[in-house]
Amino acid sequence: MGTLVILAILALVVLGFNNPVWWLAGAALLYLHFRYGRTGQGTTGSSSPRGAGSPVRGDNDYRAYRQRRDQQARWERRYRRERPWMTRQKRN
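Since the structure is predicted, the reported quantities are computational estimates derived from the model, not experimental observations.

**Q** Explain the packing of helix H1 (residues 2–15) against helix H2 (residues 21–37) to me, please; I cannot follow it from the model alone.
**A** The relative placement of two packed helices comes down to the angle between their axes together with the axis-to-axis distance. Running from amino to carboxyl end, H1 crosses H2 at an angle of 160°, the nearest separation of the two axes being 7 Å. Classified by the angle their axes make, H1 and H2 are roughly antiparallel. Seen from above, H1 lies across H2 with left-handed handedness. Contact residues: Gly2, Val5, Ala8, Ile9, Leu12, Val13 and Leu15 in H1; Trp22, Trp23, Ala25, Gly26, Leu29, Leu30 and His33 in H2. Split into classes, the residues belonging to the contact of H1 with H2 amount to 11 nonpolar, three polar and no charged.

What follows is the structure in C-alpha coordinates.
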(Lines give C-alpha, C1' and ligand atoms only; values in the text may rest on other atoms or scores of the structure.)
Protein backbone atom coordinates (compact mmCIF):
# COMPACT_ATOMS: atom_id res chain seq x y z
CA MET A 1 0.00 0.00 0.00
CA GLY A 2 2.81 2.38 0.80
CA THR A 3 4.34 1.77 -2.62
CA LEU A 4 1.12 2.83 -4.32
CA VAL A 5 0.98 6.01 -2.28
CA ILE A 6 4.59 6.86 -3.14
CA LEU A 7 3.92 6.22 -6.83
CA ALA A 8 0.84 8.43 -6.68
CA ILE A 9 2.88 11.21 -5.04
CA LEU A 10 5.53 10.94 -7.74
CA ALA A 11 2.85 11.06 -10.46
CA LEU A 12 1.36 14.17 -8.89
CA VAL A 13 4.80 15.80 -8.77
CA VAL A 14 5.36 15.05 -12.47
CA LEU A 15 1.91 16.41 -13.33
CA GLY A 16 2.72 19.47 -11.25
CA PHE A 17 5.15 20.80 -13.85
CA ASN A 18 2.14 21.78 -15.98
CA ASN A 19 -0.20 22.74 -13.15
CA PRO A 20 1.09 23.59 -9.63
CA VAL A 21 -2.21 22.49 -8.07
CA TRP A 22 -1.03 18.90 -8.55
CA TRP A 23 1.95 19.70 -6.32
CA LEU A 24 -0.44 20.78 -3.59
CA ALA A 25 -2.35 17.53 -4.02
CA GLY A 26 0.92 15.58 -3.80
CA ALA A 27 1.92 17.45 -0.66
CA ALA A 28 -1.47 16.77 0.90
CA LEU A 29 -1.21 13.08 0.02
CA LEU A 30 2.29 12.93 1.47
CA TYR A 31 1.11 14.59 4.68
CA LEU A 32 -1.84 12.21 5.00
CA HIS A 33 0.39 9.22 4.32
CA PHE A 34 2.82 10.12 7.08
CA ARG A 35 0.11 11.23 9.48
CA TYR A 36 -2.37 8.36 9.13
CA GLY A 37 -1.10 5.75 6.70
CA ARG A 38 1.97 4.48 8.54
CA THR A 39 0.31 3.26 11.74
CA GLY A 40 1.22 -0.26 12.72
CA GLN A 41 4.25 -0.44 10.44
CA GLY A 42 7.90 -0.46 11.34
CA THR A 43 9.98 -2.24 13.96
CA THR A 44 10.78 0.63 16.33
CA GLY A 45 8.31 -0.40 19.03
CA SER A 46 7.85 -4.10 18.32
CA SER A 47 10.57 -5.44 20.62
CA SER A 48 9.39 -3.47 23.66
CA PRO A 49 5.83 -2.19 23.43
CA ARG A 50 6.28 0.08 26.47
CA GLY A 51 9.66 1.50 25.53
CA ALA A 52 10.92 4.95 26.38
CA GLY A 53 9.87 6.39 23.04
CA SER A 54 6.29 5.11 22.89
CA PRO A 55 4.13 6.38 25.77
CA VAL A 56 1.51 7.69 23.33
CA ARG A 57 1.28 4.34 21.61
CA GLY A 58 0.53 2.71 24.94
CA ASP A 59 -2.26 5.21 25.57
CA ASN A 60 -3.72 4.49 22.13
CA ASP A 61 -3.50 0.75 22.72
CA TYR A 62 -5.27 1.11 26.05
CA ARG A 63 -7.91 3.38 24.54
CA ALA A 64 -8.55 0.86 21.75
CA TYR A 65 -8.75 -1.92 24.35
CA ARG A 66 -11.28 0.07 26.37
CA GLN A 67 -13.38 0.72 23.27
CA ARG A 68 -13.39 -2.98 22.35
CA ARG A 69 -14.24 -3.99 25.91
CA ASP A 70 -17.05 -1.45 26.21
CA GLN A 71 -18.47 -2.45 22.81
CA GLN A 72 -18.43 -6.12 23.83
CA ALA A 73 -20.20 -5.28 27.09
CA ARG A 74 -22.88 -3.33 25.19
CA TRP A 75 -23.41 -6.26 22.82
CA GLU A 76 -23.71 -8.69 25.72
CA ARG A 77 -26.20 -6.48 27.56
CA ARG A 78 -28.25 -6.08 24.38
CA TYR A 79 -28.21 -9.83 23.76
CA ARG A 80 -29.38 -10.55 27.31
CA ARG A 81 -32.09 -7.91 27.04
CA GLU A 82 -33.40 -9.10 23.67
CA ARG A 83 -33.14 -12.84 24.36
CA PRO A 84 -33.78 -13.44 28.06
CA TRP A 85 -34.87 -17.05 27.41
CA MET A 86 -31.46 -17.88 25.85
CA THR A 87 -29.23 -16.52 28.59
CA ARG A 88 -28.29 -18.77 31.45
CA GLN A 89 -28.77 -17.63 35.00
CA LYS A 90 -25.97 -18.53 37.40
CA ARG A 91 -27.26 -20.57 40.28
CA ASN A 92 -25.42 -20.49 43.57
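Now that the structure has been shown, we can carry on.
**Q** Got a minute to help me understand the packing of aromatic side chains in this structure?
**A** The relative placement of two aromatic rings is captured by the distance of their centres and the angle of their planes. Throughout the structure, instances matching the rule amount to two aromatic pairs. Between the aromatic rings of Phe17 and Trp23, the centroid separation amounts to 5.6 Å while the plane-to-plane angle is 80°, which identifies the pairing as edge-to-face. By relative accessible area, Phe17 is classed as exposed at 63%. An angle of 40° between the planes, with centres 6.0 Å apart, marks the rings of Tyr62 and Tyr65 as tilted. Of this pair, Tyr62 and Tyr65 both sit in helix H3 (residues 55–82), three residues apart, which is roughly one turn of that helix.

Rules used throughout
- Residues numbered from 1 in each chain as written.
- Predicted model: local features only at pLDDT ≥ 70, side-chain atom pairs only at ≥ 80, totals over all residues.
- Heavy atoms only, no water.
- Axes fitted to C-alpha atoms, helices over the stretch in contact; angles between N-to-C directions.
- Helix = DSSP H or I, 4+ residues; strand = E, 2+ residues; numbered from the N terminus.
- Parallel < 35°, antiparallel > 145°, perpendicular 65-115°, else oblique.
- Left-handed = near helix turned anticlockwise from the far one by under 90°.
- Contact = heavy atoms within 4.5 Å.
- Nonpolar A, V, L, I, M, F, W, Y, C, P; charged D, E, K, R; others polar.
- Phe/Tyr/Trp six-rings, centres within 6.5 Å; stacked < 30°, edge-to-face > 60°.
- Buried < 20%, exposed > 50% of the residue type's maximum accessible area, 1.4 Å probe, protein only.

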